[in-house]
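# Breakdown of the fold
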Amino acid sequence: RAMLFQTVAREDVAVGYALKLVARIYDSSKFGRCVLGVDWLCQTLVVLADISRRVPKEVTMWVASAAEDVKLNRELAIALIPHRLLMVNAPEYVKEMVTAVDGGRNGKAVDMLVAVLQVCMIEKRCVSTADCGRLLDALAKAAQGPRKGSEPLLKLLDDARSLS
């Protein structure tokens, strides 16, 4: 932390370090898979976000533009969202997730988004229905699509309606 305050380009250093930490959360190392390790990484990211307000935006853009296995990783999203490190209402993230859902044709994307919103919006209440409005709209369209609404999807939509 002290090194970050002394450098001239501290925002760039903070963003670069943050992206490395996000990669550690996602990688398959033991540290990135244990609860304590993920919590430590997230808390370090929060400190970096205090140093540079660009950190959450850059993390969100990195996740949104990453390969599908990163973008659709529910553990990564569930770890970042409560700390306001992954902004679910950022236009880049919303666009990528709506595209991934593909009107309900991509079951993996629908299942991931349902699980993430269930935890972050309903159980932990760390994001509001207003933050997730466009994502919920995409899921509502998916519920009417080719897969028809699965029980978890329909339950999430009902719970979201009751919250708003």
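Residues numbered from 1 in each chain as written. Predicted model: local features only at pLDDT ≥ 70, side-chain atom pairs only at ≥ 80, totals over all residues. Heavy atoms only, no water.

If you tally the helices and strands in the protein chain, you get eleven helices and zero strands. Element order for the protein chain, N to C, with α for helix and β for strand: α-α-α-α-α-α-α-α-α-α-α. The C-alpha atoms of the protein chain give 16 Å as radius of gyration, which agrees with the globular expectation for 164 residues (15 Å, within 12%). Along the three orthogonal principal directions, the C-alpha set of the protein chain runs to about 55 × 30 × 25 Å. For the protein chain, the proportion of its 164 residues judged to be buried stands at 46%. Partitioning the intrachain contacts of the protein chain with sequence separation of at least 6 by distance along the chain shows that 65% fall at a separation of at least 24. Only carbon and sulfur atoms are counted for the fraction: they give 54% of the accessible area of the protein chain, which is about 8700 Å². Between the centroid of the 23 positive side chains of the protein chain and the centroid of its 19 negative side chains there is a distance of 1 Å. (Helix = DSSP H or I, 4+ residues; strand = E, 2+ residues; numbered from the N terminus. Rg over C-alpha atoms; globule rule 2.2 N^0.38 Å. Buried < 20%, exposed > 50% of the residue type's maximum accessible area, 1.4 Å probe, protein only. Contact = heavy atoms within 4.5 Å. Areas by Shrake-Rupley, 256 points an atom, 1.4 Å probe, with all protein chains shown as cover. Lys, Arg positive; Asp, Glu negative; His and termini not counted. Charge placed at Lys NZ, Arg CZ, Asp CG, Glu CD.)

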